[in-house]
Amino acid sequence: MSPFPARPWIFRARVRWVSLHPHAFVVVDADGHGVLTHLGIDTVQLNGEGFELLVNKGDTVTRGQSIVRWDPAGVEAAGKSPICPIVALEATAESLSEVREDGDVKVGDTLFGWQ
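Reading the values: rules and limits
Residues numbered from 1 in each chain as written. Predicted model: local features only at pLDDT ≥ 70, side-chain atom pairs only at ≥ 80, totals over all residues. Heavy atoms only, no water. Helix = DSSP H or I, 4+ residues; strand = E, 2+ residues; numbered from the N terminus. Buried < 20%, exposed > 50% of the residue type's maximum accessible area, 1.4 Å probe, protein only. Contact = heavy atoms within 4.5 Å. Areas by Shrake-Rupley, 256 points an atom, 1.4 Å probe, with all protein chains shown as cover. Polar contact = N/O pair within 3.5 Å; in protein donor to acceptor, adjacent residues only side chain to side chain.

Student: What is the right way to look at the overall build of the protein in this model?
Tutor: In terms of regular secondary structure, the protein is built from one helix and nine strands. Each helix (α) and strand (β) of the protein, taken in turn from the N terminus, gives the series β-β-β-β-β-β-α-β-β-β. By residue count, 36% of the 115 residues in the protein fall in the buried class. Of the contacts formed within the protein by residues at least 6 apart in sequence, a portion of 61% connects residues at least 24 apart. Entry remark: accessible area of the protein is about 6,900 Å², with carbon and sulfur atoms responsible for 49%.

Now the structure itself:
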C-alpha cells in the first residue's frame, strides 16, 4: 500500500514503541507486529529537511498521538515522490486480513489487520 498524500500529514498510530528517522518510522504493537512507513521515495536524501519529529526513538505512543509531521508538497518540490510505502514487517500474506489494495485512504482508515 502506498497512499499518495494530498496535504501535509501528521501520522498517528496505536503502538507499543517506535523507531524513527525523519523520513521513516517503524511502530510495533504489544503483540510484536511491526509496520514500516516510509514518507516518500528517496526522501532519505533530503537529510530530514521538511520533516518534524514529534516523538523520540523508543517512546511509547498511543492511538491518536502524532509521530511525525511532514509536507508532501515540499517533498515533491524537492524532486522526490510523496508516495508512502507501508510495509507489514515479517508478515506473510496469510497473517494479514482486510488488506486495502486500492482507493483513497483517509486518516483512521484500516490498511490491513493481523490475524
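Student: Whenever I open this one, the environment of Q65 confuses me. Can you help?
Tutor: One can find Q65 in the loop between β5 (51-53) and β6 (66-70). For the pair Q65 and L54, spaced eleven residues apart in sequence, the C-alpha separation works out to 9.0 Å.

Student: Please clarify how the side chain of K80 should be interpreted in this entry.
Tutor: Following the sequence through the fold, K80 ends up in the loop between α1 (72-77) and β7 (86-89). In this structure the side chain of K80 is engaged in a polar contact, spanning 2.5 Å, whose partner is the side chain of Q45.

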